[in-house]
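These are the residues of each chain, in order.
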Amino acid sequence: MKEHLKDFVVEDNLIIREQVYNRIKQEILLGNILPGSRLLEGRLAKKINVSRTPVREALHVLEMEGFLESFPRVGHRVRQVTYEEGMEIHEIRAVLEPLAARKAIESEDQDYLDALERNLRQSEVAARQELTTFLRCDAEFDEIIVRASGIKTLLSVWGTLRQRLNLYRMEAQHAIETRLKSIEGHRRILECLQARDAEGAKKAIRSHLEDSKRALKYIRYTMDH
């Protein structure tokens, strides 16, 4: 963690908490601060060169969002999403994402389709080069569709679920075959969206999520053996 936060400089005292919050969250999602890592309020404040108050507030928000858990006299630790929770998140996404796709198809603004095409091209390059860039592209594909739905509440709920799942699924994407499988699933979804086939998009999304669940099951199997 030291090397990832040592060059962090707070630029505006009016948004210290937001800057601290955003940076810590980013490092967690990128896997630079691993599940189980302790985050000590005083040590972080000293490293970032701010008072303990904005750090305490940022850690509290991250705890409320499910990224951290707190223990008396221990401080905060990065939370490990369980296999069971990962499966639950997939089940919820299987309901939310087809809804987003249907609303996006019904929308008059279809520019999101071009954004999805660009995303897939970026994903294909990143899949063979760098995991964190691929994970960002992978999440952005779904986010583009959810944003195109125009349902702000859906975007908020989906975003929280997807970020939590990223804490668990990073290991699943280490194999390039898994990354390419994900891109293939996204390509099928895009083809249905381009054809304005809501039912086809629903099936493609759920098939894609089933592939993702199988990857998570494989992680659990390897961890148990």
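Residues numbered from 1 in each chain as written. Predicted model: local features only at pLDDT ≥ 70, side-chain atom pairs only at ≥ 80, totals over all residues. Heavy atoms only, no water.

Chemist: Sorry if this is basic, but what is going on with the overall build of the protein chain here?
Modeler: Counting secondary structure elements, the protein chain contains ten helices and three strands. Counted from the first residue to the last, the protein chain has its helices and strands arranged as α-α-β-α-α-β-β-α-α-α-α-α-α. Burial status across the protein chain gives 45% buried among its 225 residues. In the protein chain, once contacts between residues fewer than 6 apart in sequence are set aside, the share between residues at least 24 apart is 69%. (Helix = DSSP H or I, 4+ residues; strand = E, 2+ residues; numbered from the N terminus. Buried < 20%, exposed > 50% of the residue type's maximum accessible area, 1.4 Å probe, protein only. Contact = heavy atoms within 4.5 Å.)

Chemist: Looking at this model, I keep getting lost on the sheet that holds strand β2 (residues 68–71). Mind explaining?
Modeler: Think of a sheet as strands paired side by side through backbone hydrogen bonds, with each pair either parallel or antiparallel. What the three strands build is an open sheet, ordered β1-β3-β2; its pairing is antiparallel. What marks the edges here is a single partner per strand, and that holds for β1 (38–39) and β2. Where β2 meets strand β3 (residues 75–78), four bridges bridge the pair, whose relative direction is antiparallel. Residue pairing for β3: Leu-68 is matched across the bridge by Val-78. Sheet contacts for helix α4 (residues 52–64): β1, β2 and β3; angle to β2, the most-contacted strand, approximately 115°. (Pairing = 2+ DSSP bridges. Axes fitted to C-alpha atoms, helices over the stretch in contact; angles between N-to-C directions.)

Chemist: How should I be thinking about the pattern of salt bridges in this particular structure?
Modeler: Overall, the coordinates contain 20 salt bridges when judged by the stated rule. The residue Glu-41 makes a salt bridge to Arg-56 at a minimum N-O spacing of 2.9 Å. Here the residue Glu-41 occupies a position in helix α3 (residues 41–48), and Arg-56 occupies one in helix α4, the gap between them amounting to 15 residues. The salt bridge partner of Glu-140 is Arg-136, with a shortest N-O separation of 3.2 Å. Taken together, the residues span about one helical turn, with Glu-140 and Arg-136 both in helix α7 (residues 131–149) at a distance of four residues. The exposure class assigned to Glu-140 is partly exposed, which follows from its relative accessible area of 27%. (Salt bridge = Lys/Arg side-chain N within 4 Å of Asp/Glu carboxyl O.)

Chemist: Would you take a moment to explain the pairing of β3 for this structure?
Modeler: The side chains of a regular strand alternate, first on one face of the sheet and then on the other. Sheet topology note: the β1/β3 ladder contains two bridges and is antiparallel. Bridge pairing links Leu-39 to His-76 in β3. Linking β2 back to β3 in an antiparallel pair, the connection comprises three residues, with Arg-73 at a positive phi of about 65°.

Chemist: What's the story with the nonpolar core in this structure? I'm lost.
Modeler: Among soluble globular proteins, nonpolar side chains are generally buried collectively. Judged by nonpolar contacts, the single largest core of 36 residues is most densely connected at Tyr-112, Leu-116, Phe-141, Ile-145, Ile-189 and Leu-193. Mapped onto this core, the elements with two or more residues apiece are α5 (83–106), α6 (112–127), α7, α8 (152–169), α9 (176–194) and α10 (198–224). Broken down by element, this core gets its largest block of residues, nine residues, from α5. Beyond its immediate chain neighbours, meaning those up to four positions away, Tyr-112 contacts Ala-104, Ile-105, Ile-144, Ala-148 and Leu-193. (Core = buried A, V, L, I, M, F, W, Y, C linked by side-chain atoms within 4.5 Å.)

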